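Close look at the chain arrangement
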Amino acid sequence: MKKISLVLSGGGARGYAHIGVIEELKKHFEIISISGTSMGAVIGGMEACGKLDAYKKWVMSLDFLDIFKFYKPPFKLDGEKIFNKIKELAGEYKIEELPIKFTAVATDLSKKKEIWFQTGDLWTAVKASSAIPGVFDPVIVDGRILVDGGVLNLMPVAPVMSDFSDLIVAVNLYGENRDIKIKFPKEIEKKQNLFEDVWNKVFNIKENIVNKSIDLMMEVIFRYRKAEYIPDIEIIIPQNIANWYEFHKAPELIEIGRFLTKEALQKAKKEGIIS
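Before going into details, it helps to say that this report is about the structure given with it. Residue positions within a chain follow its written sequence, with the count starting from 1. The predicted nature of this model means local features are confined to residues of pLDDT at least 70 and side-chain atom pairs, given and counted, to a pLDDT of 80 or more, with totals for whole chains, interfaces and linings taken over all residues. In computing side-chain properties, one takes all heavy atoms of the structure into account and sets aside hydrogens as well as water.

1. Looking at the overall build of the protein chain
Operational definition: In this description a helix means any DSSP run of H or I spanning at least four residues, a strand means any run of E spanning at least two, and both kinds are numbered starting from the N terminus. Think of it in three bands: with a 1.4 Å probe and only protein chains considered, a residue is buried below 20% of the maximum accessible area for its type, exposed above 50%, and partly exposed in between. We get accessible surface area from the Shrake-Rupley algorithm with a probe of 1.4 Å; when it comes to residues, only the shown protein chains can shield them.
Counting secondary structure elements, the protein chain contains nine helices and 10 strands. A total of 275 residues make up the protein chain; the buried ones form 54% of that total. When the accessible surface of the protein chain is summed, it comes to about 13200 Å², and 54% of that surface belongs to carbon and sulfur atoms.

Right, here's the structure in full:
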């Protein structure tokens, strides 16, 4: 089985697609290292410590009221509550002791540069990497003000370039819009439709403006940085599958990630990248 280094980009709720990606990739490859930004760091950290299945089970079980508990007025995500729950689910870890090499990328506003967390407390690193400006509070580490890694590096390929892996596989959550329909059992579909109705009433035009602003900022930065390091395989997830705050879409997004990974691997086989 070939060994791969996996790079997971940020993208808010679209990052749930990473779960389906990882599950499908593990059927074909051994993941020996992971680099992630923002939601990519959250999912990557869960996989690196061996708790992705528990995390998936939890997000799949959430109903509207469960998700709403992690918001504070005026509909701002409560980072402390979220990471307390993550620690409860997964436990405490040091990055350097994980079974899979892991890098979480954050942005140091004080020094105006990106920071690679490759040692130290796992969830402090992940929390800093996912501290979206205006959505989460920044994380202070050794006097440095740290925010979302996507401010400077949305898809961090560089940290895995020196790994002894056969391939680098990167997941891009800022792909061009596509219409992708996933079929679900009726009970799941009914739950998702109910979620959608309530969610649209709760999140008004103000939130749509925030969503568009965040996505535009990240997309422009990503466009400029993307050419620096080219992965062997790029799994492209369309932007229009979810807004950054639509965390109620976990079942759909996970399956979209799985579907697009199969598609990307078929393309890689045709191109002779994999056999």
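2. Considering the nonpolar core
Note the threshold: Side-chain atoms within 4.5 Å link the members of a nonpolar core, which is a set of buried Ala, Val, Leu, Ile, Met, Phe, Trp, Tyr and Cys residues. Whether two residues touch is decided by their heavy atoms; if any such pair falls within 4.5 Å, the residues are in contact.
Grouped together as the largest cluster of nonpolar side chains are 83 residues, with contacts concentrated most on Tyr-16, Tyr-55, Phe-102 and Ile-235. By residue number, the principal contributor to this core is helix 9 (residues 250-270), which donates eight residues. Residue contacts for Tyr-16: discarding those within four places in its chain leaves Met-39, Tyr-55, Val-59, Phe-247, Ala-250, Leu-253 and Ile-254.

3. Describing the environment of Lys-101
Looking at the secondary structure, you find Lys-101 in strand 5 (residues 101-108). When its relative accessible area of 36% is taken as the criterion, Lys-101 is described as partly exposed. When near neighbours in sequence (up to four residues on either side) are disregarded, Lys-101 contacts Ile-32, Ser-33, Ile-34, Gln-118, Pro-159 and Asp-163.

4. Things to note about helix 5 (residues 79-90)
One full turn of an α-helix is made of 3.6 residues, so residues set three or four places apart face in the same direction. For the record, the criterion: By this rule, a helix spans an expected 1.5 Å times one less than how many residues it contains. Directions from the helix axis toward the C-beta atoms define the arc.
Look at helix 5: 16 Å from first C-alpha to last across 12 residues, which is about the 16 Å you get at 1.5 Å a residue. Among the residues of helix 5, Gly-79, Ile-82, Phe-83, Lys-85, Ile-86 and Ala-90 are the ones counted as buried. Taken down its axis, helix 5 places every buried residue within 155° of arc, on the same side. Positioned one or two residues after helix 5, Gly-91 has a phi angle of 95°, which is positive.

5. Here's the deal with the packing of helix 2 (residues 39-48) against helix 6 (residues 122-129)
Short version of the rule: Under this scheme, a helix contributes an axis fitted over its contacting stretch, all axes are lines through C-alpha atoms, and angles between N-to-C directions fall in the 0 to 180 degree range. In these notes the angle categories are as follows: under 35 degrees is roughly parallel, over 145 is roughly antiparallel, 65 to 115 is roughly perpendicular, and the rest is oblique. Just so you know the grouping, Ala, Val, Leu, Ile, Met, Phe, Trp, Tyr, Cys and Pro go in nonpolar, Asp, Glu, Lys and Arg go in charged, and all remaining residues, Gly too, go in polar.
Axis separation between helix 2 and helix 6 bottoms out at 8 Å; the angle between their running directions is 160°. It follows from the interaxial angle that helix 2 and helix 6 lie roughly antiparallel. Mapping the contact onto sequence places Ala-41, Val-42, Gly-45 and Met-46 in helix 2 and Leu-122, Trp-123, Val-126 and Ser-129 in helix 6. In terms of residue class, the contact of helix 2 with helix 6 is built from six nonpolar, two polar and no charged.

6. Quick notes on the pattern of salt bridges
For side chains bearing opposite charge, pairing can occur when the charged atoms are close. Defined as follows: For this document, the term salt bridge refers to a Lys or Arg side-chain nitrogen within 4 Å of an Asp or Glu carboxyl oxygen.
Summed over the entire model, instances satisfying the criterion amount to 11 salt bridges. Between Arg-144 and Asp-108 there is a salt bridge, with its nearest N and O atoms 3.4 Å apart. In this pair, Arg-144 is assigned in strand 8 (residues 144-148) and Asp-108 in strand 5, connecting sequence segments 36 residues apart. Residue classification places Arg-144 among the partly exposed residues on the basis of a relative accessible area of 30%. One connected set of salt bridges, linked through shared partners, spans Glu-23, Lys-56, Glu-255 and Arg-258.

7. With respect to the environment of Ala-242
By secondary structure assignment, the location of Ala-242 is in the loop between strand 10 (233-238) and helix 9. Assessed through its relative accessible area of 3%, Ala-242 is described here as buried. Sequence-wise, Ala-242 and Leu-253 are 11 residues apart; in three dimensions their C-alpha atoms are separated by 8.0 Å. If sequence neighbours within four positions are ignored, Ala-242 has contacts with Arg-14, Lys-249 and Leu-253.

8. Thoughts on unusual backbone geometry
Of note in the backbone geometry, Lys-112 takes a positive phi value of approximately 60° without being a glycine. Residue position: Lys-112 is located in the loop between strand 5 and strand 6 (113-117). The phi angle at Asp-142 is positive, at roughly 50°, despite the residue not being glycine.

9. Re the layout of surface pockets
By rolling a water-sized probe across the atoms, one finds the places where empty space is left. Operational definition: Definitions used throughout: a 1 Å grid over protein atoms alone; a cavity as a set of points that fits a 1.4 Å probe which cannot get out; a pocket as an open set with protein on both sides within 12 Å along at least five of seven lines; a lining residue as one with an atom within 4 Å of a point. Grid points are joined across faces, edges and corners, and a volume is the space filled by probe spheres set on the points.
Roughly 280 Å³ of internal volume is contained in the second largest pocket. Secondary-structure elements contributing two or more residues to the lining of the second largest pocket are strand 10 and helix 9.

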